[in-house]
Amino acid sequence: MTAQALQPKDYKSVVPPTWCAGCGDYGVLNSLYKAFSELNIDYNNTVIVSGIGCSSRFPFFVKTYGIHTAHGRALPVAMGVKLANPELRVVATGGDGDGFSIGGGHVPHICRKNVDITYIIMDNRIYGLTKGQVSPTSDMGMVSSTTPYGSPDRPVNPLAFCLVYGATFVAQGYSGNPKEIAALIKQGMEHKGFSYINLVSPCPTFNKTNTFQAYKDLVEPLPDDHDRTNLPRAVELALNPGGKIRTGVYFESDTPSYQERLDEIKSKASKFTAAGFAGIVDLYRP
Amino acid sequence: MTAQALQPKDYKSVVPPTWCAGCGDYGVLNSLYKAFSELNIDYNNTVIVSGIGCSSRFPFFVKTYGIHTAHGRALPVAMGVKLANPELRVVATGGDGDGFSIGGGHVPHICRKNVDITYIIMDNRIYGLTKGQVSPTSDMGMVSSTTPYGSPDRPVNPLAFCLVYGATFVAQGYSGNPKEIAALIKQGMEHKGFSYINLVSPCPTFNKTNTFQAYKDLVEPLPDDHDRTNLPRAVELALNPGGKIRTGVYFESDTPSYQERLDEIKSKASKFTAAGFAGIVDLYRP
Amino acid sequence: MARDDVIIRIGGEGGEGIISSGDIITGASAKAGFHVYTFKTFPAEIRGGYAMYQLRASSKQILSQGDGFDVFVAFNNDAYQVNKKELKPGTVLLWDGPEGGDIQPESHPGVISYAVPMTRIAKDELKAPKAKNMVALGAISTLFSFPIETLKENIRLKFGKKGQEVVDINIRAIDMGKEYVEKNIKKQDPYRLGEPQAKDKDVIVISGNEAVGLGALAAKVEFFSAYPITPATEIAIMLARNLPKLGGTLVQAEDEIASLGNVIGASYAGAKSMTATSGPGLSLMTELLGLASIAEIPLVVANVQRGGPSTGLPTKHEQSDLFTAVYGGHGDMSRIVLAVDNVEDCFHLTVDAFNLAEKYQIPVILLSDGSLGFRTEGIKVPDPSTLKLIDRKWFEPKGGEEVYKRYEYTKDLVSPMSKPGQPGGNYVATGLEHGEVSRPVYTPENHTRMIDKRFGKLANIEDEYKPTEREGDENADLGIISWGSTQGAVREALARARADGLKVAALYPKLIFPLPEKAIAKFAKSVKKVLIPEINKQAQFAELVRARTGIDSIRYNIYGGLPFPPGDIYNKIKEVIRP
Amino acid sequence: MARDDVIIRIGGEGGEGIISSGDIITGASAKAGFHVYTFKTFPAEIRGGYAMYQLRASSKQILSQGDGFDVFVAFNNDAYQVNKKELKPGTVLLWDGPEGGDIQPESHPGVISYAVPMTRIAKDELKAPKAKNMVALGAISTLFSFPIETLKENIRLKFGKKGQEVVDINIRAIDMGKEYVEKNIKKQDPYRLGEPQAKDKDVIVISGNEAVGLGALAAKVEFFSAYPITPATEIAIMLARNLPKLGGTLVQAEDEIASLGNVIGASYAGAKSMTATSGPGLSLMTELLGLASIAEIPLVVANVQRGGPSTGLPTKHEQSDLFTAVYGGHGDMSRIVLAVDNVEDCFHLTVDAFNLAEKYQIPVILLSDGSLGFRTEGIKVPDPSTLKLIDRKWFEPKGGEEVYKRYEYTKDLVSPMSKPGQPGGNYVATGLEHGEVSRPVYTPENHTRMIDKRFGKLANIEDEYKPTEREGDENADLGIISWGSTQGAVREALARARADGLKVAALYPKLIFPLPEKAIAKFAKSVKKVLIPEINKQAQFAELVRARTGIDSIRYNIYGGLPFPPGDIYNKIKEVIRP
Ligand SMILES: Cc1ncc(C[n+]2csc(CCOP(=O)(O)OP(=O)(O)O)c2C)c(N)n1
Ligand SMILES: Cc1ncc(C[n+]2csc(CCOP(=O)(O)OP(=O)(O)O)c2C)c(N)n1
Ligand code: SF4
Ligand code: SF4
Ligand SMILES: [Mg+2]
Ligand SMILES: [Mg+2]
């Protein structure tokens, strides 16, 4: 790694993004380049892990290591990477469907374990890659190819979920405000433990309701005096009073990361044997 | 069905419970018999669906219809039963592992859909059937066969989860207080939409920490003045201030059930064709 | 001599309206009485990447997508580059030029080249760059005698609700394509559609996926739950629109495991139930399929195969899920597997799938594939009154005090199933091994007996269901066994080979598992050699045939994400018979 | 004549200490220098239901659990009822009576019956009802010459940390069992262990599951993630205790999908990684196995088979996951499947599994089974210095500007893999079809080429790894091919049949897929007939053999949740050779 500071463009891979013109994910990608450069992150020492979806193509566009896994499985794979080599920086990226529909069962567990990775969701309230079906964050009543008479489901609330799951850093940003996103990604990357960043990122191709235009009047920053150590208050705000989309850091806490706890286990365990493998074999002598 | 009121014993099946002596699940089973008899529930018109685990053996012990599915899949199967025949009463039962580890991805979705079933979890903070490994509700530091040096995971909080998932009825009971459980099951069964009942139900065989003895001083009723329509407050209490285990109804709301929304869709859809199948075929005429 | 059988391939960038314009000209042609057969590929990305639509049309019957193309319509240089090596003498290159587009064709000796400046016309003259595809349709129709009036009629119908302006632009685009051709191009090729047959009122143009949905409706499906996945999503889309009209329930589940769980519950409750997915989803369903198998719960899983393994080639064609459909899942797990051959089959075999599921109380996997799922054909309007629907063997309580034996050992090994709600039929379905009364039983005798039941109930399926079709010569030098959508290419190759005087026969099994061993053995005996062409690496069907019957075959496998061209199979026939 | 080979079966209620007392006498016997071989079954419920522990011991070598039992120790009436039909003339019934217990034995002509009032002694004399099992051990040891002093030594070691009182009660219980026998029972049976061999210091007593864990540690596993499931949990338990001692990481994941996901990530990051599960978990892992296969990520999945399908018979034995191990998963998915034969094999094949995974960059499924997983044997202490460990072919950047080709087409088709952290080796692993540079590529040529690579890299595995073992006569009348833990019974039956003068041979393949076709064909040629005994309905291995080689076999299948008794195979051999 060169000692010189890296520019955002230095994080660009040779693969050009395959997203539609106007896709909100471009803003996220550029913000990530920016955040990485501001932290002068070593791209050789970073792994971006994703599932399947438009947003999950992310790793291909960044000059880091990466894994484009299966639909919904970004988090378990990302966790494996981090635990096998804690020196690596690990980021997981994906969509609302990938993260909170098929992958929804994994989120609580990485949160409660507090594995030190940053999870970035690009929430477009739609399944983009499969061409426009309702996603778990879609509004009730939304018309899509599989809900021609309107969706009968109430949307999930990823922010509130991650808060009660025990995530130790929870933030929200908006693709129309890439500077803030870059700042949030930076904070998330510097946070010790699991950080969740929910990004509102419109899909102009298949979601004609939740557009940049429509979000304009809905997005606002969290109150200035928001106390990011107050979990119940963070949940209350995440439950979305007044239908506003509030951006910023909802919650942050200083909690030992999973790695710290695993290290403790290893040091406890190592007291039980001095002889390594041979000592283990001895346990089975009759 | 006879017109005469049914007694608790009338709900007993011929299969004797296979649980260990002292298992908390006996209390739950008896409370359910009692609740059913007080509601004079028609056992021929009721289906109990479970996953796999000690607690998931439940359906075999009740004289209703039942499905003992695969590990973690009680909810999707229960939902299928209910939607295919809304006349049936459907109850899902299971353990903490079944519900919040392998099955955890299904809970948010049945909650947000508000499918009209009652979900009863017997939380013993351990995997009973597989002989004592930590479960998602186990305390951090718990020693079990797979965590000989203590569990590195913080526990999940099923109550808080279901609250932010949008469950429209959320309650907690304690196996040491079967009368209250019976009352909660009754209310859950009468609630329209998805009701979640978390039952603290010790496993004396494999969990030597969270015993009836240990719970004695921890369990207390929700404050008398608790407002069950206040979601943020319910979450706050579920987040367990002071380490107490509070029993009672945390939250209840009157929200259209999934069936009502599906019926709306059917009535909308039926406006589009008068001719039934033939009308659908006509859509494909070139 | 005029050629009344034209294969037109349109290639361009995903998002340029290739697919929608293809659908329009296909519909119009069918409406005018032509036979049509389409083939499409999309990029796996939403945007960027190569998209292709191929239409074969004729006034006579068509069996496959054909060999290569007769006419290639190049929308852009990428598409030209991908297809240029297939430009053979006698084929036509219709390209976006000479100005406005980005193509600079090389010289292709013997290829007939027509330049139509579609981009320029759409952009500069129409001020509607998106209408480029309609300019192309106008040119194509004019050059090869496609029914331009019906085309316009359909455009009016299709765009009507978007307003007169949109209709007008598109109609004008078509006319300008037509005029440009009439003024500037001298036809040098033989491709010209003949007189269409008397318009058959009873034709619909429908894709394989939609036909599966229609089949399910005809079979009276009551419950459907699925999770979107390419190339199966259209089954859900079709049913989302139509199932509620008939009172049924459709759920978009949180994942494939949940969708199969929903279906199991619904079927237990008494409803005819189904899900649809593709390879990755089928893999996720493996565990719950075992539950349905041991608990003897009828249900249908339509699996629309795509290129594998893993995410693989999500928008491409492959026949590589046979192994997992037949053998996937832990334990000795009984199931039925069917494979569809063509669009009409998609309808009928879906009906059969429900019938077999209900009859044998078992999960039925219906194997379709991406190219069949997406392609449209004109098929006869299905008449539901001619279909025989099989209902489950229901348990009717006799009112005594007897315990209900859900898994009673009956003569045909299918046990009467109780529908929840009725007194006297209470039972707990379970994935644990159970006795005749549905309770866990762990004795060796019981496990043996119950496994024998679950496989034994299928023992006569080959006789009870006519799962194969034979065509061709009686004592042939070569017999082809072809499963799934490779059939069309085989039929066409067979006809050509027999016209050449070669003695060839073919067998088309619709039932893949349990394998129709008697029919296959009989067929193999009746021919000198057996050839099994299929689109996968591992010769999955040929291996199954050898595993079940010991019959050896010549294997012919391709696996590039594309269907078989009939010419390749024809060549293989010749090569095998006269080496 | 004294019989120095005793099979003792202890049967009672789950929870009565059957299993723990069995483990104690087994350990003591091994420590004293005897050969031991155990077999256990548990009820699927925690409590209630029948539990059984069987110990075969001898001063000579033992190959299988044997036929039935020589001595049946009945703890209660249920157990007596289950086993009474196996009481044959010459066998011993040692039962809890004549007072205190609930057994009332019928008359069994020729059976030697000893009554020891274990319950009464424990309850009334010792005031420690739980010590019943120790009373039984005292009686057993006295009757059949088990090493009672070593037994006491081990009880002191085992219960020492529970306090002197507990030790004393248990020792007294043993003595009282001994005294009761000495005072009241006249030995009438021939079973008496001989002189143990000179104590071999290099023996450990270990279960199949623990041996898998030990093998993983010897192979230098660095990461393990699993979800508990019977009968595989003991692998995780063993590693949970020991892996952190060596600096490795163990995770209990939220489900099997997550555990395999963890393993994939860890292996990508460069760690030797593994998971362990049983059928239902393997089914859930199917999709992600495809990702590991296409992305060429080395990993090991130990699958401890149990009775299927679905939840099936979770605590029973079956060999019925072969089909899904070999064929499960959508698409053409390459993988390696190994099967373990005995406890020593569990150790060595786990090492092989890691070696093969790392060498070929592929997922390796190691098939074990419930009876092997639970049973303990005395095996030689493994010496890690004699093991050859294979490391991954790592990519070492040369420092140029070249793009790293993760899937480079090398001569052996295995491509150097880059470890994240190093400059110049950046790449994105993906489940999409990709080129040599790991980016999505959708062309037919590339897909064909990459599928060929993923299967082609295994083309020589049979030569590179010696995956079969042959024993028996050269030109035999019958050749048995036996996979997995059926081997022990086959070895013993073979020895008996050959002692009778029958000409029999056997082949034991450790590699199941890719099938060692050459060795099997050679073996089949060397014998007149082939017999394949296996514990499943569908003759899964025999079908695989016929699919891959065309070789027909006589099939011998049982599926009752129990392993083969060697006598049954011996009888089958006779029946086939001399019908
Ligand atoms: C097991 C499985 N099921 C379904 C799919 C199909 N699929 C691919 S992406 C996707 C949803 C994408 O939505 P989201 O995660 O919100 O990402 P987006 O495209 O909107 O960015 C689905 C359903 C799949 N690839 N694998
Ligand atoms: C797919 C799958 N994985 C694992 C198992 C093994 N298993 C059975 S029950 C169980 C956990 C039971 O714990 P819980 O749900 O808390 O129920 P309890 O026994 O404590 O009542 C596990 C891991 C299984 N049956 N299927
Ligand atoms: S479909 Fe939507 S989410 Fe996907 S690339 Fe296009 S705009 Fe973005
Ligand atoms: S093991 Fe625990 S949960 Fe299971 S039956 Fe026994 S006491 Fe109850
Ligand atoms: Mg999305
Ligand atoms: Mg539990």
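Predicted, not measured: the structure shown is a model, and the values here were computed from it.

A.B. asks: With reference to specific residues and values, describe the overall build of chain C.
C.D. replies: Helix and strand content of chain C: 19 helices and 21 strands. A principal-axis box enclosing the C-alpha atoms of chain C has dimensions of 90 × 60 × 45 Å. Looking at chain C residue by residue over its 579 residues, the buried ones come to 69%. For chain C, the proportion of contacts with a sequence separation of at least 24, taken over those separated by at least 6, is 73%. Accessible area of chain C: about 18,600 Å², with a carbon and sulfur share of 50%. Taken as two groups, the 70 positive and 72 negative side-chain charges of chain C have centres that lie 2 Å from each other.

A.B. asks: Tell me about the site of ligand 3, and please be specific about residues and values.
C.D. replies: Lining the immediate surroundings of ligand 3 are 10 residues, of which Cys-20, Cys-23, Cys-54, Asn-124 and Cys-203 of chain A lie closest. Surrounding ligand 3 is a set of residues that belongs to chains A and C. When its residues are assigned to classes, the shell around ligand 3 shows eight nonpolar, two polar and no charged.

A.B. asks: Requested: an account of the domain arrangement of chain C, with residues and values cited.
C.D. replies: Residue and element names in this part refer to chain C. Domain annotation for chain C reports domain 1 (5-200), domain 2 (205-386) and domain 3 (468-577). Contacts between the two partners involve seven residues from domain 1, matched on the other side by 12 residues from domain 3. Interface area for domain 1 against domain 3, summed over the two sides, is near 680 Å², with a carbon-plus-sulfur share of 54%. At the junction of domain 1 and domain 3, the tally comes to two salt bridges. Our count for the domain 1 to domain 3 interface comes out at five residue pairs in polar contact (both at pLDDT 80 or more).

A.B. asks: Any details on the packing of aromatic side chains? Residues and values, ideally.
C.D. replies: For the structure shown, the criterion picks out 48 aromatic pairs over all chains. Their ring planes at 80° and their centres at 5.0 Å tell us that Trp-19 of chain A and Phe-61 of chain A sit as a pair that is edge-to-face. One end of the pair, Trp-19 of chain A, is in the segment before helix H1 (25-39); the other, Phe-61 of chain A, is in the loop between strand E1 (46-50) and strand E2 (65-68), with 42 residues separating them in the sequence. Given the relative accessible area of 3%, Trp-19 of chain A is considered buried. Residue Phe-61 of chain A is classed as buried on the basis of its relative accessible area, which comes to 2%. Ring plane angle 70° and centroid distance 5.6 Å describe the contact between Tyr-127 of chain B and Tyr-227 of chain D, whose orientation is recorded as edge-to-face. Of this pair, Tyr-127 of chain B sits in the loop between strand E4 (118-123) and helix H5 (158-165) while Tyr-227 of chain D sits in the loop between strand E8 (223-226) and helix H8 (233-242), on two different chains. Classification of Tyr-127 of chain B as buried rests on a relative accessible area of 7%. In this structure Tyr-227 of chain D comes out as buried when scored by relative accessible area, which is 2%. A cation over a ring is seen here: Lys-419 of chain C above Trp-394 of chain C, with NZ or CZ 4.8 Å from the ring centre.

A.B. asks: Lay out the environment of Gly-66 of chain A with the relevant residues and their values.
C.D. replies: In this fold, Gly-66 of chain A is placed in strand E2. Put simply, Gly-66 of chain A and Ile-48 of chain A are 18 residues apart on the chain and 4.5 Å apart in space, counted from C-alpha to C-alpha. Dropping the residues within four chain positions of it, Gly-66 of chain A is found in contact with Val-47, Ile-48 and Pro-59 of chain A together with Tyr-268, Tyr-427, Val-428 and Ala-429 of chain D.

A.B. asks: Tell me about the confidence of the model for chain C, and name the residues and values.
C.D. replies: Of the residues in chain C, 98% have a pLDDT of 70 or more, and the chain-wide mean is 94. Here the predicted complex carries an ipTM of 0.96, next to a pTM of 0.95.

A.B. asks: So, the pattern of salt bridges: which residues are in play, and what are the values?
C.D. replies: Inspection of every chain in the model, using the stated rule, returns 100 salt bridges over all chains. Across the salt bridge formed by Arg-9 of chain C and Glu-86 of chain C, the nearest N and O atoms sit 3.3 Å from each other. You can see Arg-9 of chain C sitting in strand E1 (residues 5-13) and its partner Glu-86 of chain C sitting in the loop between helix H2 (77-83) and strand E5 (92-96), a full 77 residues away along the chain. Here Glu-358 of chain D ties to Arg-392 of chain D by a salt bridge, and the two come within 2.7 Å at their closest N and O atoms. Taken as a pair, Glu-358 of chain D in helix H12 (residues 343-360) and Arg-392 of chain D in the loop between strand E14 (376-380) and strand E15 (428-430) lie far apart in primary sequence, 34 residues in all. Of the two residues examined, Glu-358 of chain D and Arg-392 of chain D, each falls in the buried class.

A.B. asks: Residues and numbers for the sheet that holds strand E5 (residues 169-174) of chain B, please.
C.D. replies: Each strand in a sheet pairs with its neighbour through backbone hydrogen bonds, running either in the same direction (parallel) or in the opposite one (antiparallel). One open sheet holds the nine strands; their spatial order is E7(B)-E8(B)-E5(B)-E6(B)-E4(B)-E3(B)-E1(B)-E2(B)-E15(C), and the pairing between them is mixed. Sheet topology places strand E7 (219-221) of chain B together with strand E15 (428-430) of chain C at the edges, where each strand pairs with a single neighbour. Adjacent strand axes in the sheet meet at a mean angle of 20° when their direction is disregarded. Where strand E1 (residues 46-50) of chain B meets strand E2 (residues 65-68) of chain B, four bridges bridge the pair, whose relative direction is parallel. Directly across from Ser-50 of chain B, in E2 of chain B, lies its bridge partner His-68 of chain B.

A.B. asks: Describe in detail helix H9 (residues 258-270) of chain B, supporting the description with residues and values.
C.D. replies: Side chains of residues three or four places apart in an α-helix project in the same direction, reflecting 3.6 residues per turn. Between its first and last C-alpha atoms H9 of chain B spans 18 Å; for 13 residues at 1.5 Å apiece the expected length is 18 Å, and the two agree. Among the residues of H9 of chain B, Tyr-258, Gln-259, Arg-261, Leu-262, Ile-265, Lys-266 and Ala-269 of chain B are the ones counted as buried. Angularly, the buried residues of H9 of chain B cover 160° about the axis, an arc narrow enough to put them on a single face. On its buried face, H9 of chain B is in contact with helix H2 (74-84) and helix H4 (107-113) of chain B together with strand E9 (249-252) of chain C.

A.B. asks: Would you mind going over the coordination of the magnesium ion (ligand 6) in detail, with residue names and values included?
C.D. replies: For a metal with four tetrahedral donors the ideal donor-metal-donor angle is 109.5 degrees, while six octahedral donors give ideal angles of 90 or 180 degrees. All names here are of chain B. The magnesium ion (ligand 6) binds to the protein through Asp-96 (OD), Asn-124 (OD1) and Ile-126 (O); the donor distances cover 2.1 to 2.2 Å. Look at where the donors of the magnesium ion (ligand 6) fall in the sequence and you get D-x27-N-x1-I. Taken as a pair, Asp-96 in helix H3 (residues 96-102) and Ile-126 in the loop between E4 and H5 lie far apart in primary sequence, 30 residues in all.

A.B. asks: Any chance you could break down the relation of the copies chain D and chain C for me, citing the residues and the numbers?
C.D. replies: Superposition of chain D onto chain C requires a rotation of 180° combined with a translation of 0.0 Å along the rotation axis, giving an RMSD of 0.1 Å. Here the two chains are linked by the operation of a two-fold rotation axis.

A.B. asks: So, a positive patch on the surface: which residues are in play, and what are the values?
C.D. replies: Taken together, the side chains of Lys-208 of chain A together with Lys-130, Lys-158, Lys-161, Lys-162 and Arg-241 of chain C present a region of like positive charge at the surface. Assignment of secondary structure puts Lys-130 of chain C in the loop between helix H3 (118-125) and helix H4 (132-144). Among the residues examined, Lys-130 of chain C registers a relative accessible area of 78% and is labelled exposed.

A.B. asks: Provide a residue-level description of the domain arrangement of chain A, including the pertinent values.
C.D. replies: Many analyses report the size of an interface as the accessible area lost when the parts associate. Residues and elements named next belong to chain A. Each assigned domain of chain A is listed with its residue range as follows: domain 1 (8-255) and domain 2 (257-286). Just the C-alpha atoms count here: the centres of domain 1 and domain 2 sit 38 Å apart. Counting residues at the interface gives 11 residues for domain 1 and six residues for domain 2. Buried area between domain 1 and domain 2, summed over both chains or domains, comes out near 630 Å², and the portion from carbon and sulfur atoms is 59%. Together, Leu-83, Lys-113 and Lys-192 form the three largest contributors to the area buried by domain 1 at its contact with domain 2, with a combined 55%. Taken together, the links from domain 1 to domain 2 amount to one salt bridge. Taken together, domain 1 and domain 2 are joined by three residue pairs in polar contact (both at pLDDT 80 or more). Elements represented by at least two residues in the side of domain 1 that touches domain 2 include exactly helix H2 (74-84) and helix H4 (107-113).

A.B. asks: Before we move on, could you go through the packing of helix H4 (residues 132-144) of chain D against helix H5 (residues 148-159) of chain D and cite the residues and values that matter?
C.D. replies: Residue and element names in this part refer to chain D. It is the contact of H4 with H5, at a shortest axis distance of 10 Å, that shows an interaxial angle of 155°. Judged by the angle between their axes, H4 and H5 are roughly antiparallel. Across the interface between the two elements, Met-134, Leu-137, Gly-138, Ser-141 and Thr-142 of H4 pack against Ile-148, Leu-151, Ile-155 and Phe-159 of H5. When grouped by side-chain class, the residues that make up the contact of H4 with H5 number six nonpolar, three polar and no charged.

Thresholds, definitions, all that
- Residues numbered from 1 in each chain as written.
- Chains lettered and ligands numbered in written order.
- Predicted model: local features only at pLDDT ≥ 70, side-chain atom pairs only at ≥ 80, totals over all residues.
- Heavy atoms only, no water.
- Helix = DSSP H or I, 4+ residues; strand = E, 2+ residues; numbered from the N terminus.
- Buried < 20%, exposed > 50% of the residue type's maximum accessible area, 1.4 Å probe, protein only.
- Contact = heavy atoms within 4.5 Å.
- Areas by Shrake-Rupley, 256 points an atom, 1.4 Å probe, with all protein chains shown as cover.
- Lys, Arg positive; Asp, Glu negative; His and termini not counted.
- Charge placed at Lys NZ, Arg CZ, Asp CG, Glu CD.
- Near = heavy atom within 4 Å.
- Nonpolar A, V, L, I, M, F, W, Y, C, P; charged D, E, K, R; others polar.
- Domains from an automatic or database assignment.
- Buried area = accessible area lost by both parts, 1.4 Å probe.
- Salt bridge = Lys/Arg side-chain N within 4 Å of Asp/Glu carboxyl O.
- Polar contact = N/O pair within 3.5 Å; in protein donor to acceptor, adjacent residues only side chain to side chain.
- Phe/Tyr/Trp six-rings, centres within 6.5 Å; stacked < 30°, edge-to-face > 60°.
- Lys NZ or Arg CZ within 6 Å of the ring centre and 35° of its normal.
- pLDDT = per-residue confidence, 0-100.
- Pairing = 2+ DSSP bridges.
- Axes fitted to C-alpha atoms, helices over the stretch in contact; angles between N-to-C directions.
- Expected span 1.5 Å × (residues − 1).
- Arc of directions from axis to C-beta.
- Donors = N, O, S within 2.8 Å, 3.2 Å for Na, K, Ca; no water.
- Least-squares fit on C-alpha atoms with pLDDT ≥ 70 in both.
- Patch = residues over 30% accessible without salt bridge, like charges linked within 9 Å, V, L, I, M, F, W, Y side chains within 5 Å.
- Parallel < 35°, antiparallel > 145°, perpendicular 65-115°, else oblique.

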